[in-house]
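Here are the chains, one letter per residue:
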Amino acid sequence: MLRTSTTIDDSHLVIETGGSAPDATTIVERKGLGHPDTLADQLAERLSRAYSAYTVQHFGAVLHHNFDKLALLGGASEVRYGAGRMTAPVRVLVNGRAAPMCGGERIPVEEIVEAEVRAFFARRLPEVSDHLDITFNITSNSSPGAVLTGDEVPDRTRWFNPRSIDDLRERRVRLSNDTSLGTGWAPENVFESFARELVDHFSGESDFTLSHAWCGSDVKLMGYWDGERADVVLCVPQKSRLVASRAEYVQNTESVLAECYRLAGLHLPGAEASFRLNARDVPEKDELYLTYTGSSIESGDEGVVGRGNRVNGLITPLRPMNLEGANGKNPVYHVGKLYNVAARRLAQRLHEATGGHAEVHLVSTTGQRLDQPWRVLVRLSSPDAEVDKVQSLVAEALGEFPALTDELVSDGIVMS
């Protein structure tokens, strides 16, 4: 392995070439669209984008906010063959901060949030949309560092109460809000891609779900792959009002399994594959993954931002990754979001340029320029990677943060 150290502006860049590529052994998890953690992630991101869009439209800039501590507390339900109902609401705890006004003009923060929460559930889990209890814990408290030394108000206290957008420091220079990191790698192997496709097939809109309305969206996959054989544990719920009997439930599970093997034949040709579906089912006792809404959020399960899929949509413990909950973070300066998205994109470009495995880590220091990370580590399996070209791709990625913010606000990037 060859290591090269250099700098790009104030960023220390280390490029390692000729390293080992990951072997075939893969453990991968993916949580589907109706999983409580995925719901929490995607709702938090939707709130950030709605608030950002409002402030851009009315003031010309994204005002300070974060909704990345949002949590969903499961409700209660009764489930019967051919029927079901909610008996207690799902609690939506909207924790975070948001500027409530700019230049004396009020921003309807709670109205924006409530409209987005209700629209989100109406589309994603319509059976829940009339059974929501929304709790607001949104403040505009100052970040640490506002030291009072006289009669003047410290600039930092105006971050969430700006007199105008000129009080936003990032209008002059974008600084990292935290000491954190972003991680990305490429390419995915065939099994990682299959895991994503299989979960999306059963939890999203597909030919299968359109023709099998009983299929719920709280799908979860855990898979193991050694390069020749795939072993998969899969959970796929069914909606109780569309399942008339135990026998019908069992017949539906057979349809899901048949579809799994069909898709494995298409996406993992020549490989052995085995699937274990709804492993906790005990049909003779009517203990089944049968739900009223299609999600366990109806019955006590909880969802929290950052506990689900990573920015690339997968949970891959044998790959490099970090624990940042990117969804709901401010898209202007929050490195926990921006560096993860940027690292993933840069890794993909480096893979395409070198033909081998690429791994990227962007490490920030709070208060340092956003486009000049404290450390950039690039690891490449290719022994022939051109250092100058790698440096150029890194510099290009670091120069894209303003455009990356615009893309995030405009809903152009899907995370988780």
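Look up: the structure comes first, before these words.
Just so it is clear, the model here is predicted, and its values are computed rather than measured.

Draft legend 1. View of the sheet that holds strand β14 (residues 229-235). The strand order β3-β13-β14-β16 describes an open sheet built from 4 strands, whose pairing is mixed. The outermost strands of the open sheet, each flanked by one partner alone, are β3 (26-31) and β16 (272-277). Strand after strand, the sheet turns through a mean of 15 degrees between neighbouring axes, direction not considered. Where β14 lies against β16, 6 bridges are found, and the strand directions are parallel.

Draft legend 2. Summary view of unusual backbone geometry. The peptide bond linking Ala186 to Pro187 adopts the cis configuration, its omega dihedral lying at 5 degrees. Locating Pro187 in the fold gives a position in the loop between β12 (181-186) and α3 (190-203). A positive phi angle is found at Asn278, which is not glycine, with a value near 45 degrees. With respect to the secondary-structure elements, Asn278 resides in the loop between β16 and β17 (290-291). The residue Asp286 is not glycine, and still its phi comes out positive at about 55 degrees. Mapping Asp286 onto the fold places it in the loop between β16 and β17.

Draft legend 3. Main features of the pairing of strand β8 (residues 90-98). Judged from the 2 bridges that link them, strand β4 (residues 65-66) and β8 form a sheet pairing that is antiparallel. Its bridge partner lying in β8, Asn66 is registered against Arg97. Alignment of strand β5 (residues 71-73) against β8, held across 3 bridges, turns out to be antiparallel. The residue of β8 that forms the bridge with Leu73 is Arg91. The pairing of β8 with strand β11 (residues 132-139) spans 8 bridges and is parallel. The partner of Arg97 across the bridge, within β11, is Thr139.

Draft legend 4. Quick peek at helix α6 (residues 335-354). Taking 1.5 Å of rise per residue, 20 residues should cover 28 Å, and α6 covers 27 Å from first to last C-alpha, within 8% of that figure. Downstream of α6 by a residue or two, Gly355 has a phi angle that is positive, lying close to 80 degrees.

Draft legend 5. Local environment of the packing of aromatic side chains. Under the definition given, this model contains 9 aromatic pairs. Between Phe208 and Trp214, the aromatic rings sit 6.0 Å apart at their centres with planes inclined by 90 degrees, giving edge-to-face as the arrangement. Judged by its relative accessible area of 9%, Trp214 falls in the buried class. Through pairs of rings, three or more aromatic residues link up here, namely Phe191, Phe194, Trp225, Tyr261 and Phe275. If you follow Arg319 out to its NZ or CZ, it ends over the ring of Trp185, 4.0 Å from the centre.

Draft legend 6. Highlighting the sheet that holds β12. Spatial ordering of the open sheet is given by β1-β2-β20-β19-β12, a layout of 5 strands whose pairing is mixed. Looking at which strands have only one partner, the edges of the open sheet turn out to be β1 (2-8) and β12. Direction aside, the axes of adjacent strands within the sheet are offset by 10 degrees on average. Its contacts with the sheet put α6 on β12, β19 (358-363) and β20 (375-380), and the angle it makes with β12 is roughly 30 degrees.

Draft legend 7. Here's a closer look at the pairing of strand β13 (residues 220-225). Burial along β13 is one-sided: the face carrying Leu221, Gly223 and Trp225 is buried and the face carrying Lys220, Met222 and Tyr224 is not. Note: β3 against β13, 6 bridges, orientation antiparallel. Residue pairing for β13: Val28 is matched across the bridge by Gly223. Sheet analysis places β13 next to β14, joined by 6 bridges and oriented antiparallel. Following the sheet pairing, Lys220 is matched in β14 by Cys235. Between β13 and the antiparallel strand that follows it, β14, lie 3 residues; Gly227 among them carries a positive phi value of about 100 degrees.

Cut-offs and rules
Residues numbered from 1 in each chain as written. Predicted model: local features only at pLDDT ≥ 70, side-chain atom pairs only at ≥ 80, totals over all residues. Heavy atoms only, no water. Pairing = 2+ DSSP bridges. Helix = DSSP H or I, 4+ residues; strand = E, 2+ residues; numbered from the N terminus. Axes fitted to C-alpha atoms, helices over the stretch in contact; angles between N-to-C directions. Expected span 1.5 Å × (residues − 1). Phe/Tyr/Trp six-rings, centres within 6.5 Å; stacked < 30°, edge-to-face > 60°. Buried < 20%, exposed > 50% of the residue type's maximum accessible area, 1.4 Å probe, protein only. Lys NZ or Arg CZ within 6 Å of the ring centre and 35° of its normal. Contact = heavy atoms within 4.5 Å.

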